[in-house]
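# Commentary on secondary and tertiary structure
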Amino acid sequence: METTMLIKGGLVVGENTETPGDVYIRGERIVAVGKDLPADKGAKIIEAQGKILIPGGIDVHTHLDLDVGFTRASDDFYTGTVAAALGGTTAIVDHPGFGPAGCALDHQIKTYHRLAAGKAVIDYGFHGVIQQVDPGILEQMAVLAEEGITSYKVYLTYDYKLSDGDVYQVLEQAQKQGLMIAVHPENDGVIGYLRSRFVKEGKTAARYHPLSRPAAAEAEAINRMLLLANMAGDAPLYIVHLSNKQGLTFIQDARKRGQPHLYAETCPQYLLLDDRMYEQPGYEGLKYLMCPPLRKPEDRAGLWEGLAADIDTVATDHCPFFFETQKIRGKDDFTQCPSGAPGIEERIPLLFSEGVMQQRISLRRFVDLCSTNPAKLFGMYPQKGVIREGSDADIVIIDPEVKKVLTQRTLHARVDYSAYEGWEVQGYPTWVISRGEVIVREGIFAANPGRGRFIPRKRMQALR
Ligand code: MN
């Protein structure tokens, strides 16, 4: 017999409502939401008075078990998803690394199915990665979409950067097929030149990293991408890890000109940290070496303003490397440091505390940014991203009274530092339910490796 569970008396954040009520779960699904719901005999009861019930967090930008050639991201699909769960995230969509040169489009998807199977503790999907363009690759985009891969990543920098002509063909195909194109936008030519110039001049400390990747180099690439998407007939375009204010202005202008299918993601690090982190003594700055780099306080302020309406999602770009053994590779030359930082567990607590509790964003907007919009944009809605009858019972109970200090000692990613060490948060996810199973109970994780399932994603749903 299917188990039943009644979560009683919490503030339920619904699609258009925030009302005290109950959520009734049978098996893996929500079967009722309402006031004073009767419980079956034998139903498990969770008392949630004074707590907030949100749909499980969805992080659509992670890099678990990422192979960067000379090293590997330190979290695999077990440790990374355990950390995610403890931070109130019940689904991820991972961005695979590059495969061997010339590989088929499904090469990395097959690889990632192997990496995740038997390990993930929450549900997961994969974006595809496009590292070269030919008619076969374009055709495969449509084929893989039927297997649940309905979004693709293109890079404008790194080894497998695409030319504008290649990007244009991908966008045309995406427009035809209703697929989402996620882009890492940075101007490769400028960055390549600045990096090699700094190294030649002996400017190899971490503080040169942000100078080698200027905000305008990101903004230029964003503008180029959105114009290419416009040329391709308003192809669905998703800007990942937006870090600067100028890029946001370009996005706002394009929408005003009539390009609605343009979406933007930012990450907690770009909202809460800035380039002063690179000025710390010793090699501390390497902990924050990521691409794009942390920007100026003005950029942070601009992004916070953008969260009200123009930025659609908050994801993490979680890509952890041990400071002592991996990041330290950059101690004499920042260009040798693996790029990325942990953050999968801190996302929901930070955005709830800094956003909702500090009254910068509403509770509803917080849920849109962290769960509902990611679900819609990446083809998981309404199975996920919403507390409603028929949806997966992915529910996070946040206790707004809990105060916590974020520290690597009590966080769970397999890594030796937190980018938010010592940060105080008000409010924390205390219970996490994934498809009807309690996987975090009063802050303690208890579930089996491999219980997470692949999410065959449908096509995107437009937000505007
Ligand atoms: Mn990334």
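Figured I'd write up the structure that's included with this text. Computed from a prediction, not measured in an experiment: that's the story for all the values here. (Residues numbered from 1 in each chain as written. Predicted model: local features only at pLDDT ≥ 70, side-chain atom pairs only at ≥ 80, totals over all residues. Heavy atoms only, no water.)

### A closer look at the pairing of strand E3 (residues 29-34)
Cut-off, in case you're wondering: The rule for pairing is simple: two strands pair if DSSP sees at least two bridges between them. Secondary structure elements are defined from DSSP: runs of H or I of at least 4 residues count as helices, runs of E of at least 2 residues count as strands, and each element is numbered from the N terminus.
Here strand E2 (residues 18-26) runs beside E3; their pairing, made up of five bridges, is antiparallel. Its bridge partner being in E3, Arg26 is matched across the sheet by Arg29. Linkage of E2 to E3, two consecutive antiparallel strands, is achieved through a turn of two residues, within which Gly27 is found at a positive phi near 60°.

### A word on the sheet that holds strand E14 (residues 313-314)
Strand order in the open sheet formed by six strands is E9-E10-E11-E12-E13-E14, and the pairing between neighbours is parallel. The outermost strands of the open sheet, each flanked by one partner alone, are strand E9 (128-129) and E14. Relative to strand E13 (residues 262-266), strand E12 (residues 237-239) runs parallel, the two sharing three bridges. When the bridges of E13 are listed, Tyr238 appears paired with Tyr263.

### A short note on the packing of helix H3 (residues 135-145) against helix H4 (residues 164-177)
Just so we agree on the cut-off: To obtain an axis, a line is fitted to C-alpha atoms, over the contacting stretch when the element is a helix, and the angle between two such axes runs from 0 to 180 degrees between their N-to-C directions. Any angle from 65 to 115 degrees is called roughly perpendicular, while one under 35 is roughly parallel, one over 145 is roughly antiparallel, and all others are oblique. Crossings are classed by handedness, with left-handed meaning an anticlockwise turn of the near helix from the far one by less than a right angle and right-handed meaning a clockwise turn. Whether two residues touch is decided by their heavy atoms; if any such pair falls within 4.5 Å, the residues are in contact. Residues are grouped as follows: nonpolar covers Ala, Val, Leu, Ile, Met, Phe, Trp, Tyr, Cys and Pro; charged covers Asp, Glu, Lys and Arg; every other residue, Gly included, is treated as polar.
Across the interface, H3 lies against H4 with an axial gap of 10 Å and an inter-helix angle of 30°. Classed by the angle they form, the pair H3 and H4 counts as roughly parallel. Like other packed secondary-structure pairs, H3 and H4 cross with a definite hand, here right-handed. Across the interface between the two elements, Leu138, Glu139, Met141 and Ala142 from H3 touch Gln169, Val170, Gln173, Ala174 and Gln177 from H4. Per-class residue counts for the contact of H3 with H4 are five nonpolar, three polar and one charged.

### Quick notes on the environment of Glu345
In plain terms, the rule: The buried label applies to any residue whose accessible area, calculated with a 1.4 Å probe on protein chains only, is under 20% of its type's maximum; exposed applies above 50%, and partly exposed to all values in between. Think of a polar contact as two N or O atoms within 3.5 Å of one another; within protein, one of them needs to be a possible hydrogen donor and the other a possible acceptor, and neighboring residues in sequence only count if both atoms come from side chains.
Note that Glu345 resides in the loop between E14 and helix H11 (347-357). Of the residues examined, Glu345 reaches a relative accessible area of 3% and is grouped as buried. Counting along the chain gives 263 residues from Glu345 to Val82, while the straight-line C-alpha distance between them is 8.7 Å. Once residues lying within four places of it in the same chain are set aside, the contact partners of Glu345 are Ala83, Leu86, Gly87, Leu411, His412, Ala413 and Tyr428. A polar side-chain atom of Glu345 sits 2.6 Å from the main-chain amide nitrogen of His412.

### Re the packing of aromatic side chains
Put simply, the rule is: Stacked, edge-to-face and tilted labels apply to pairs of Phe, Tyr and Trp rings (six-membered ring for Trp) whose centres lie within 6.5 Å, assigned for plane angles under 30 degrees, over 60, and everything in between, in that order.
Tallied over the entire structure, the rule returns 14 aromatic pairs. When the centroid spacing of 5.4 Å and the interplanar angle of 45° are considered together, the rings of Phe198 and Tyr208 count as tilted. Highlighted residues: Phe198 in helix H5 (residues 188-200) and Tyr208 in helix H6 (residues 208-212), separated in sequence by ten residues. No difference in accessibility class separates Phe198 from Tyr208, as the two residues are buried. Ring plane angle 85° and centroid distance 4.8 Å describe the contact between Tyr238 and Phe378, whose orientation is recorded as edge-to-face. Of the two residues, Tyr238 sits in strand E12 while Phe378 sits in the loop between helix H12 (363-377) and strand E15 (395-406), which places them 140 residues apart along the sequence. Residues Tyr238 and Phe378 agree in their burial class; the two are buried. The structure contains a cluster of three or more aromatic residues connected by ring pairs, namely Phe77, Tyr112, Tyr124, Phe126 and Phe454.

### Topic: the layout of surface pockets
Short version of the rule: The method works on a 1 Å grid over the protein atoms by themselves. A cavity is a set of points holding a 1.4 Å probe that cannot get out, a pocket is an open set with protein on both sides within 12 Å along at least five of seven lines, and residues with an atom within 4 Å of a point line them. Grid points are joined across faces, edges and corners, and a volume is the space filled by probe spheres set on the points.
In this structure, the largest pocket spans a volume of roughly 1000 Å³. Together, 46 residues line the largest pocket, and Leu66, Val68, Phe98, Tyr158 and Ser339 are the ones closest to its centre. Of all the secondary-structure elements, those providing two or more residues to the lining of the largest pocket are helix H2 (107-116), strand E10 (151-155) and H5. Of the residues assigned to the lining of the largest pocket, the class counts are 20 nonpolar, 17 polar and nine charged.

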